[in-house]
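Chain by chain, the residues run as shown.
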Amino acid sequence: MEKKFTNMRDIARSFANAMNLLRPETENYHQRVAYLAYNIAGEMDYSAEDRKDLLYASLLFDVGIVLMPEEENGKRYYFKDVAGAGLSIIGDVPRLKPVCEIMKIASPEDETDESLFDIDRFKDFAEIIDLSDRVSTMLDSRDAALNQVADICDTVSDLAGEEISNAVVEAFLRFAGKEYVWMEVLHQPELFLTHISDANIVTLDDMIEMSRFMSRIIDFRSSYTTMHSSGVAATAVRLAEIMGMSEDECKMMMVAGYLHDIGKLKVPKSILEKNDKLTDAEFNIVKEYAYYTNLLLKNVAGFEQIGRWASLHHERLNGYGYPFRLSADDIPMGARIIAIADIFSAVAEIRSYRKGMNKEEVIATLRQNVEDGAMSGYIVDMLINNYDNIYSIREREVTKEGARYYAGVVDAEEV
């Protein structure tokens, strides 16, 4: 039996909260979509296992939004608009294959494998998510829930037989007739989590695959950060190997590297891509993201080390890091490795405000951080002594992610 590392319920909660950072104007947006979708499928008599597949898809249905052009003049992308782009991000995660099949159904450009799956089921699921997305957009938490029901149901009824099948619309209307539904969807949408058992095993290898795809959501928002997390993960793992960490610790280091910037989903894209020095106010926004990384990861079972390694990568040994202002004694070795891997990858990359540094410049930057008392001289020496090997490993990984990003951008531009 495969060894359990964490569980899907904690991962679902964490990833849903992370995706919500992309829609700061709408609290609990993805939880609402999941709550509605799960219950609409229940009205259609789908099994608990089928509805669980639908739950995961409901939490991740719009990952492709990070590859889409900025929405303008009130235009809004719905599930069918972003499904194709989402496949380029999530397409190689074995545990999420049903999610990919739903995305393929929703995207006219992609073909699903009819020999493996019940196509009618996935067509229903794609439409259920589409409808749940639309309803979640219509909801206004500033008004009493029941004041909105009639207008929402009228709008949904108009979609029947046109954009959404009659069967899905009728199932929604049956569910919508229960008053409690509207209070729950506005104020307790995380109730959907009660349908995901913490016995749903996620191995450490599973977690690597899921954190890799999550890093794409983080990085693909901007062409300047496209390959950053993959570079940090590859660098950190190689440093951990050189320093004699165990196989499982190296795998956890990879997860931490992929997720170290997850809180950056809170940072507006305009700041990520600014071509000039950030103002103090803008830098304060950036400084918050390590706190959000901690917030998103700290309650995931099995992530006790991963969460600290990932969220403390801006802490410094001299006590002048952020956001926790920790001293050297409180910064674990894993976090020190991620911090150095982060700096190494960042200065080697092309950014909006500068070219990537060459080898001599990178080494000088790392040594200056050691002289300033910010970073571990021992770990920096390890990196410098193995520079060419580490750089080549990092370059291989970022090249693969870059190719995936640009292929996804081309697909998104065709929408």
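What comes next concerns the included structure. (Residues numbered from 1 in each chain as written. Predicted model: local features only at pLDDT ≥ 70, side-chain atom pairs only at ≥ 80, totals over all residues. Heavy atoms only, no water.)

**Digging into the overall build of the protein**
Within the protein, the regular secondary structure consists of 20 helices and two strands. Taken against the 2.2 N^0.38 rule, which gives 22 Å for 415 residues, the C-alpha radius of gyration of the protein at 22 Å falls within 12% of a compact globule. Buried residues in the protein amount to 55% of all 415 residues. Across the protein, the fraction of contacts at a sequence separation of at least 24, relative to all contacts at a separation of at least 6, is 72%. Distance between charge centres in the protein, computed from 45 positive and 71 negative side chains, equals 5 Å. (Helix = DSSP H or I, 4+ residues; strand = E, 2+ residues; numbered from the N terminus. Rg over C-alpha atoms; globule rule 2.2 N^0.38 Å. Buried < 20%, exposed > 50% of the residue type's maximum accessible area, 1.4 Å probe, protein only. Contact = heavy atoms within 4.5 Å. Lys, Arg positive; Asp, Glu negative; His and termini not counted. Charge placed at Lys NZ, Arg CZ, Asp CG, Glu CD.)

**Describing helix α10 (residues 204-219)**
Helix length check: α10 (16 residues) gives 22 Å between terminal C-alpha atoms against 22 Å at 1.5 Å per residue, within 8%. Among the 16 residues in α10, 14 count as buried, and that is most of the element. (Expected span 1.5 Å × (residues − 1).)

**A few points about the packing of helix α2 (residues 29-43) against helix α8 (residues 166-176)**
The relative placement of two packed helices comes down to the angle between their axes together with the axis-to-axis distance. In the contact formed by α2 and α8, the axes pass within 8 Å of each other and the chain directions differ by 105°. For the element pair α2 / α8, the angle class is roughly perpendicular. Across from Tyr35, Leu36, Asn39, Ile40 and Glu43 in α2, the residues of α8 making contact are Val168, Ala171, Phe172, Arg174 and Phe175. Per-class residue counts for the contact of α2 with α8 are seven nonpolar, one polar and two charged. (Axes fitted to C-alpha atoms, helices over the stretch in contact; angles between N-to-C directions. Parallel < 35°, antiparallel > 145°, perpendicular 65-115°, else oblique. Nonpolar A, V, L, I, M, F, W, Y, C, P; charged D, E, K, R; others polar.)

**Quick notes on the pattern of salt bridges**
According to the stated counting rule, one finds 25 salt bridges in the structure shown. Note that Arg174 is salt-bridged to Glu43, the shortest N-O span being 3.4 Å. On the criterion of sequence distance, the pair formed by Arg174 in helix α8 and Glu43 in helix α2 is long-range, its members being 131 residues apart. Residue Arg174 is classed as partly exposed on the basis of its relative accessible area, which comes to 43%. For Glu397, the salt bridge identified is with Lys400, shortest N-O distance 3.4 Å. Here Lys400 and Glu397 lie together in helix α20 (residues 387-413), a separation of three residues that amounts to about one turn. Its relative accessible area of 16% is what places Glu397 among the buried residues. One salt-bridge network, in which partners are shared between bridges, spans Lys80, Asp130, Arg134 and Glu163. (Salt bridge = Lys/Arg side-chain N within 4 Å of Asp/Glu carboxyl O.)

**Digging into the packing of aromatic side chains**
Following the criterion strictly, the structure yields 13 aromatic pairs and no others. Between Phe15 and Phe213 the ring centres are 5.9 Å apart and the planes differ by 85°, which places this aromatic pair in the edge-to-face class. With Phe15 in helix α1 (residues 8-20) and Phe213 in helix α10, the pair connects residues that are 198 residues apart, well separated along the chain. When its relative accessible area of 5% is taken as the criterion, Phe15 is described as buried. Classification of Phe213 as buried rests on a relative accessible area of 0%. Here the aromatic rings of Phe220 and Tyr405 are separated by 5.2 Å at their centres, their planes lie at 65°, and the arrangement is edge-to-face. Within this pair, whereas Phe220 is found in the loop between α10 and α11 (228-242), its partner Tyr405 is found in helix α20, the two being separated by 185 residues in sequence. The same class applies to Phe220 and to Tyr405, which are both buried. (Phe/Tyr/Trp six-rings, centres within 6.5 Å; stacked < 30°, edge-to-face > 60°.)

**What to know about α8**
All buried positions along α8 are accounted for by Val168, Val169, Ala171, Phe172, Phe175 and Ala176. Down the axis, α8 shows its buried residues gathered within 160° of arc, on one side only. Where the residues of α8 are buried, they touch α2, α6 (119-138), α7 (149-159) and α9 (179-187). (Arc of directions from axis to C-beta.)

**A few points about unusual backbone geometry**
Following Tyr322, the chain continues to Pro323 via a peptide bond in cis, the omega torsion being 5°. By the secondary structure assignment, Pro323 is in the loop between α16 (304-311) and α17 (333-348). Even without being a glycine, Asp45 presents a positive backbone phi close to 65°. The residue Arg325 is not glycine, and still its phi comes out positive at about 55°. Owing to a relative accessible area of 48%, Arg325 belongs among the partly exposed residues under this scheme.

**Some thoughts on the nonpolar core**
Phe172, Trp182, Phe213 and Phe303 are the most contacted members of the largest nonpolar core, which has 129 residues in total. The element best represented in this core is α2, accounting for nine residues. Apart from the residues within four sequence positions on either side, Phe172 is in contact with Ile40, Leu131, Val135, Ile152, Cys153, Val156 and Trp182. Membership of the second largest hydrophobic core comes to five residues, among which are Val267, Ile271, Leu272 and Val286. (Core = buried A, V, L, I, M, F, W, Y, C linked by side-chain atoms within 4.5 Å.)

**Things to note about the environment of Ile102**
As for its placement among the helices and strands, Ile102 is situated in helix α5 (residues 97-106). Ile102 gets classed as buried once you look at its relative accessible area, which sits at 0%. Separated by 18 residues in the primary sequence, Ile102 and Asp120 place their C-alpha atoms 11 Å from one another.

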